[in-house]
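Take a look at the letters that make up each chain.
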Amino acid sequence: MIARSGFAIEDFPQTLPAGHRLQERCLLPELMDDPRLDDQLHYQALDGLRRINRISRCSKRFWPTLKQLANTMDRPLRVLDVATGGGDVVASLSRMAQRSGTPMQIDGCDISRRALRYARLHAETTGMKNCRFFAIDVLKESLPGEYDVILNSLFLHHLTRCEAVRVLANMAAACRRAVLISDLRRTRWGYFLAAAGSRLITRSPIVHLDGAQSVRAAWSDTEIKGITHDAGLGDGELTFHWPQRFFLKWCKP
C-alpha cells in the first residue's frame, strides 16, 4: 500500500465513475507530486513516463518548429523545457538536434530537485552532457529571458486555471521567439487510452493511478482556448493530435 497525505492507492478511483462524462474538470493531487513518495517509486514512475512520451511521439511534435527556427539563426537556438520532470523531452530533442546537425542548446527546469537529479543522471548516461537542468518555481519566479523558445509538455493539467494563465503569460514574456505547449485533452477516449495504455507500457502503480487522474484534470478544447486567450496567446496556432493531445504554437510578434 502506498500512502499519500493519509490516503492510499486503494482510496483513489481506478475507473471512471458511472455516468461521469468528463464534462467537469476534476483536479486532485497526484501521487507523483508528493515529496514523501519513496525515491524508488518516484524514479520508476519517471521511467514509465519516459516510455509513454516516446510512444506518444511527444518530442517529435516540438521538433519541426524548433528545426525551422534554428535554421533562421546565426547561433545555436536556445530552448527551455519548463517543468521538465525526468528530462526525457530535453534528452530526446537534444538527440534529434545532434543527429540532424542542428545547433541547439536545450535545457530544463523544474521545482522538484529529486526529478532534476534523475534528469541529470539520465542525460549523462545517454550522452547528453551539455544539457543544463536547474530549479525554479514558475508559479512564483520569472523565467530567464535568454531562451528563444520556451516549451512544456504535460504540465498545464496540474494547475488551476489562474495558474495556467500565469504560467503561459510568464513563458510568453520571457521567450525571444516562441512558446510551444503539448498537453492532454479531457475526453473519454483520452481517459481510456491513459487508463489502459499506462498498464500496458509500465508496471509503475504511480503512473497507473496518476495517468487516468491526469486526464480528469486536463482541459477541454474550449477551456484551453479560453486560457490561451486570457494569457495573451489567443492568436497562436492550436491543433489536436493523437493520442488525445493538443499542441499550441505561439510566435512572438
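Structure shown above.
Residues numbered from 1 in each chain as written. Predicted model: local features only at pLDDT ≥ 70, side-chain atom pairs only at ≥ 80, totals over all residues. Heavy atoms only, no water.

(A) Spatial organisation of the state of the cysteines. Tallied over the entire structure, the rule returns zero disulfides. C175 takes part in no disulfide bond, and the closest cysteine sulfur, belonging to C251, lies 8.7 Å away. Owing to a relative accessible area of 2%, C175 belongs among the buried residues under this scheme. (Disulfide = S-S within 2.5 Å. Buried < 20%, exposed > 50% of the residue type's maximum accessible area, 1.4 Å probe, protein only.)

(B) Molecular detail of the packing of helix 5 (residues 161-174) against helix 8 (residues 221-230). Here helix 5 crosses helix 8 at 50 degrees, and the two axes come no closer than 8 Å. On the basis of the axis angle, helix 5 is oblique to helix 8. In this structure, helix 5 crosses over helix 8, and the sense of that crossing is right-handed. Here R161, A164, V165 and L168 of helix 5 lie close against helix 8, whose contacting residues are G226, I227, T228 and D230. (Axes fitted to C-alpha atoms, helices over the stretch in contact; angles between N-to-C directions. Helix = DSSP H or I, 4+ residues; strand = E, 2+ residues; numbered from the N terminus. Parallel < 35°, antiparallel > 145°, perpendicular 65-115°, else oblique. Left-handed = near helix turned anticlockwise from the far one by under 90°. Contact = heavy atoms within 4.5 Å.)

(C) Up close: the packing of aromatic side chains. According to the stated counting rule, one finds two aromatic pairs in the structure shown. Note that R25 overlies the ring of W219, its terminal NZ or CZ placed 3.6 Å from the centroid. Across the ring face of Y147, the terminal group of R78 is positioned such that the distance to the ring centre comes to 4.8 Å. (Phe/Tyr/Trp six-rings, centres within 6.5 Å; stacked < 30°, edge-to-face > 60°. Lys NZ or Arg CZ within 6 Å of the ring centre and 35° of its normal.)

Taken by themselves, the reported measurements are silent on function.
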